[in-house]
Amino acid sequence: MKKLILSLLLALGVAAGAHASEGAEIHWDKAPSRTNDLPALQNGAKLFVNYCLNCHSAAFMRFNRLRDIGLTEQQIKDNLLFVSDKVGDTMKSPIDPKEAKEWFGAVPPDLTLVARSRAGHGGTGADYLYTYLRSFYRDPSRPTGWNNLVFPNVGMPNVLWELQGERQPVFEKIEEHGHEVEAFKGWKQVTPGTMTPLQFEQNVGDLVGFLQWMAEPAQNHRVRIGAWVLLYLAVLTVLVWRLNAAFWKDVK
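Now for a description of the structure that goes with this document.

As a further point, take the pattern of salt bridges. Scanning the model with the defined rule gives nine salt bridges in all. The salt bridge partner of arginine 65 is aspartate 68, with a shortest N-O separation of 2.4 Å. Residue glutamate 201 pairs with arginine 134 through a salt bridge whose shortest N-O separation is 3.5 Å. In this pair, glutamate 201 is assigned in helix α8 (residues 197-215) and arginine 134 in the loop between α6 (125-132) and β3 (136-138), connecting sequence segments 67 residues apart. Its relative accessible area of 31% is what places glutamate 201 among the partly exposed residues. A relative accessible area of 13% means that arginine 134 is categorised as buried. Taken together, the shared-partner salt bridges connect Asp29, Arg134 and Glu201 into one network.

Given a rise of 1.5 Å per residue, 15 residues ought to cover 21 Å, and the 20 Å separating the end C-alpha atoms of helix α2 (residues 38-52) matches this to within 8%. Along α2, the residues classified as buried are Ala40, Leu41, Asn43, Gly44, Ala45, Leu47, Phe48, Val49 and Cys52. Looking at the packing, one finds that the buried side of α2 touches β1 (58-62), β2 (90-91) and α8.

Once that is clear, we can look at unusual backbone geometry. Excluding glycine, residues mostly have negative phi values, and the peptide bonds linking residues are mostly trans. One non-glycine residue, asparagine 153, lies in the positive phi region at around 60 degrees. Residue position: asparagine 153 is located in the loop between β4 (146-148) and α7 (161-164). Assessed through its relative accessible area of 48%, asparagine 153 is described here as partly exposed.

Considering the arrangement of structural elements, one finds asparagine 147 in strand β4. At a separation of 2.8 Å, a polar atom in the side chain of asparagine 147 contacts the side chain of aspartate 139. In this structure the side chain of asparagine 147 is engaged in a polar contact, spanning 2.7 Å, whose partner is the backbone nitrogen of asparagine 153. Ignoring sequence-local partners within four residues, the contact set of asparagine 147 consists of Ser135, Phe136, Tyr137, Asp139, Arg142, Pro152, Asn153 and Val154.

Turning our attention to the packing of aromatic side chains. Summed over the entire model, instances satisfying the criterion amount to nine aromatic pairs. Taken together through their ring pairs, the aromatic side chains of Trp28, Tyr128, Tyr132 and Phe136 make up a single cluster. Taking the ring centre of tryptophan 187 as reference, the NZ or CZ of arginine 167 above it sits at 4.2 Å. Looking at arginine 242, its charged tip hangs above the ring of tryptophan 241, at a distance of 4.9 Å from the centre.

Evaluated as defined, the whole model comprises zero disulfides. Among the cysteines around cysteine 52, which has no disulfide bond, cysteine 55 carries the closest sulfur, lying 9.1 Å off.

Mapped onto the elements, leucine 81 comes out in the loop between α3 (73-79) and β2. Considered as a pair, leucine 81 and methionine 91 are ten residues apart in the sequence and their alpha carbons are 9.2 Å apart. If sequence neighbours within four positions are ignored, leucine 81 has contacts with Phe63, Ile76, Lys86 and Val87.

The rules behind the values
Residues numbered from 1 in each chain as written. Predicted model: local features only at pLDDT ≥ 70, side-chain atom pairs only at ≥ 80, totals over all residues. Heavy atoms only, no water. Salt bridge = Lys/Arg side-chain N within 4 Å of Asp/Glu carboxyl O. Helix = DSSP H or I, 4+ residues; strand = E, 2+ residues; numbered from the N terminus. Buried < 20%, exposed > 50% of the residue type's maximum accessible area, 1.4 Å probe, protein only. Expected span 1.5 Å × (residues − 1). Contact = heavy atoms within 4.5 Å. Polar contact = N/O pair within 3.5 Å; in protein donor to acceptor, adjacent residues only side chain to side chain. Phe/Tyr/Trp six-rings, centres within 6.5 Å; stacked < 30°, edge-to-face > 60°. Lys NZ or Arg CZ within 6 Å of the ring centre and 35° of its normal. Disulfide = S-S within 2.5 Å.

See the structure below:
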């Protein structure tokens, strides 16, 4: 009997912890759809090279593939290549993996497919990235000085902090399932960035749009072909139906 009571108390404690953690979950914001917006994709590519490629690679993407988003080879050379890179090279980070693991606790992951791999119950991979990149805050207890509401205790610093400025999350205590939990209420701007909040969100949307495009560059082309195929099949279905009726009219 004692074991049964202890098991029930333990189960209740786990359930309470689960409810408390649910109360602290952050809702994923809907990412803007910009995979067909060439200027946005070009800006996203610039942001990716300037702020992400220093640590993260995109080893399955070549620089010359950026011609698909309207950039010329000369523009790629002038604006997006490091000194030692060639247009046909893959987008690899110059960081040393051993040093990266020492600095951040883990080697920064490859981002080629991150917009597809991060999809979850909260939304698409793009939704996750859009929320994650806008959810950093100062945390002196962390080695990098930064933390993230979407990915608590993340090893990555806020590389976009100069653009966004410093913010702090605001919580309020609410009662949920009979327990008091902290719920995220919003953000408090501590110091301004070089961009306004609206400009920053637009640029993050461009960056996420580029990551989404990079995960499947042929997606838009595939969708266009698919639409024509479906239209062709619809017309063919009507023709076959009328042809079948013509063949069988005398039999009836």
